[in-house]
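Working through the structure, step by step
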Amino acid sequence: MIVFLFVFAYFVFYLPNYLGHPDNYTVANPLKTPAHIVPEWYFLPFYAILRAITFNIGPINSKLGGVLCMFGAIVMLFLVPWLDTSKVRSAVYRPWYKLFFWLFVADAILLGWLGSQPAEGSYVFMAQMATLFYFAFFLIALPVLGLIETPRRLPNSITEAVLEKNKGGSGHPAGATAAPETKG
């Protein structure tokens, strides 16, 4: 902790602008937005979804469609408990769900990267495909996998699952040094 505080204090007192961005030192012009302005990294996937909608959807123009999709992507996260129809909640016992979950993680990382790129050329098409998979994961994969996937057998108790991992050992859970004490 002390070493960290010394390094932190060094940056604060001797190099306060070392980690700053060069754009912070340009004179602000209230009539011109910077060409490649992007939000913070944790908003980039949603920003990519916002910019992926470049076409009109019926009476909804592309700008409003992008805003609706961006907020819809956030609302999807709140609807997960109702969209996941599986009786088994743990991905340990659901191999197909585990595969789709890791594809979703890769998709979210891809959306984050695409959000930091300019909205031109192939980046727009890739963002549209990544956005399509984002919504397909929540609206198609979660409900359908919950209905058709056959999960592996669940243990009768947590101790059975822990002791299965330690077969061939001392018979005690991992990290135990001796048998538990018994009265009598």
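Since we're looking at a predicted model, the values are computed, not measured.

This part covers the overall build of the chain. When helices and strands are counted, the chain shows six helices and zero strands. The secondary structure elements of the chain, listed N-terminal to C-terminal, are α-α-α-α-α-α. Relative to the globule expectation of 16 Å for 184 residues, the C-alpha radius of gyration of the chain, 25 Å, shows a markedly less compact shape. Taking the principal axes of the C-alpha coordinates as reference, the chain spans close to 85 × 55 × 25 Å. Across the 184 residues that make up the chain, the buried fraction comes to 24%. Looking at the chain alone, contacts between residues at least 24 apart form 64% of all its contacts between residues at least 6 apart.

It is worth spelling out the side chain of glutamate 149 at this point. On the secondary structure map, glutamate 149 appears in the loop between α5 (122-148) and α6 (158-165). A polar atom in the side chain of glutamate 149 sits 3.2 Å from the side chain of arginine 94. Looking at glutamate 149, its side chain comes within polar contact range of the main-chain nitrogen of tryptophan 96, at 2.7 Å. For glutamate 149, the contacting residues outside a window of four places in its chain are Arg94, Pro95, Trp96 and Tyr97.

Before going further, it helps to spend a moment on helix α4 (residues 95-116). Between its terminal C-alpha atoms α4 stretches 33 Å, which fits the 32 Å expected from 22 residues at 1.5 Å a residue. Along α4, the positions that sit buried rather than exposed are Tyr97, Phe104, Asp107, Leu111, Gly112, Leu114 and Gly115. Across the axial projection of α4, the buried residues extend over an arc of 160°, all falling on one side. Among the exposed residues of α4, those pointing more than 90 degrees away from its buried face are Trp102 and Ile109. The elements touched by buried residues of α4 are α2 (44-52) and α5.

This part covers the nonpolar core. Within the largest apolar cluster, 23 residues are counted, with the highest numbers of intra-cluster contacts made by Ile49, Tyr134, Phe135, Phe137 and Phe138. Of all elements in the fold, only α2, α3 (62-83), α4 and α5 reach the threshold of two or more residues within this core. The greatest single-element share of this core, amounting to nine residues, is contributed by α5. Leave out the neighbours within four places in its chain, and phenylalanine 135 touches Ile49, Cys69, Gly72, Ala73, Met76 and Ile140.

Moving on to the environment of alanine 91. Tracing the backbone shows alanine 91 in the loop between α3 and α4. The sequence separation of alanine 91 and isoleucine 2 amounts to 89 residues, and the corresponding C-alpha distance is 40 Å. Apart from the residues within four sequence positions on either side, alanine 91 is in contact with Tyr97 and Lys98.

Moving on, we get to a nonpolar patch on the surface. Nonpolar side chains collect at one region of the surface, where Met1, Phe4, Leu5, Phe8, Tyr10, Val12, Phe13, Tyr14, Leu15, Tyr18 and Leu19 lie side by side and expose about 1400 Å² of accessible area between them. Note that phenylalanine 8 resides in helix α1 (residues 2-14). Look at phenylalanine 8 and you get partly exposed, because its relative accessible area is 48%.

Below, the discussion takes up the packing of α4 against α5. Direction vectors running N to C along α4 and α5 enclose 150°, while the axes themselves pass 10 Å from each other. For the element pair α4 / α5, the angle class is roughly antiparallel. Note that α4 runs across α5; the crossing there is left-handed. Contacts from Trp96, Tyr97, Phe100, Phe101, Leu103, Phe104, Asp107, Leu110, Leu111, Trp113 and Leu114 in α4 reach Tyr123, Met126, Ala127, Ala130, Thr131, Phe133, Tyr134, Phe137, Phe138, Ala141, Leu142 and Leu145 in α5. Here the contact of α4 with α5 is composed, by residue class, of 21 nonpolar, one polar and one charged.

One pass over the structure, following the stated rule, counts 15 aromatic pairs. Ring centres 5.2 Å apart and planes at 75° place the aromatic pair phenylalanine 104 and phenylalanine 138 in the edge-to-face group. Remark: phenylalanine 138 occurs in helix α5 and phenylalanine 104 occurs in helix α4; sequence separation between them is 34 residues. Take phenylalanine 104: its relative accessible area is 13%, and that puts it in the buried class. An aromatic cluster is built from Phe104, Tyr134, Phe135, Phe137 and Phe138, whose rings are joined through pairwise contacts.

Definitions and cut-offs
Residues numbered from 1 in each chain as written. Predicted model: local features only at pLDDT ≥ 70, side-chain atom pairs only at ≥ 80, totals over all residues. Heavy atoms only, no water. Helix = DSSP H or I, 4+ residues; strand = E, 2+ residues; numbered from the N terminus. Rg over C-alpha atoms; globule rule 2.2 N^0.38 Å. Buried < 20%, exposed > 50% of the residue type's maximum accessible area, 1.4 Å probe, protein only. Contact = heavy atoms within 4.5 Å. Polar contact = N/O pair within 3.5 Å; in protein donor to acceptor, adjacent residues only side chain to side chain. Expected span 1.5 Å × (residues − 1). Arc of directions from axis to C-beta. Core = buried A, V, L, I, M, F, W, Y, C linked by side-chain atoms within 4.5 Å. Patch = residues over 30% accessible without salt bridge, like charges linked within 9 Å, V, L, I, M, F, W, Y side chains within 5 Å. Areas by Shrake-Rupley, 256 points an atom, 1.4 Å probe, with all protein chains shown as cover. Salt bridge = Lys/Arg side-chain N within 4 Å of Asp/Glu carboxyl O. Axes fitted to C-alpha atoms, helices over the stretch in contact; angles between N-to-C directions. Parallel < 35°, antiparallel > 145°, perpendicular 65-115°, else oblique. Left-handed = near helix turned anticlockwise from the far one by under 90°. Nonpolar A, V, L, I, M, F, W, Y, C, P; charged D, E, K, R; others polar. Phe/Tyr/Trp six-rings, centres within 6.5 Å; stacked < 30°, edge-to-face > 60°.

Don't take any of this as a statement about function, it's just geometry.
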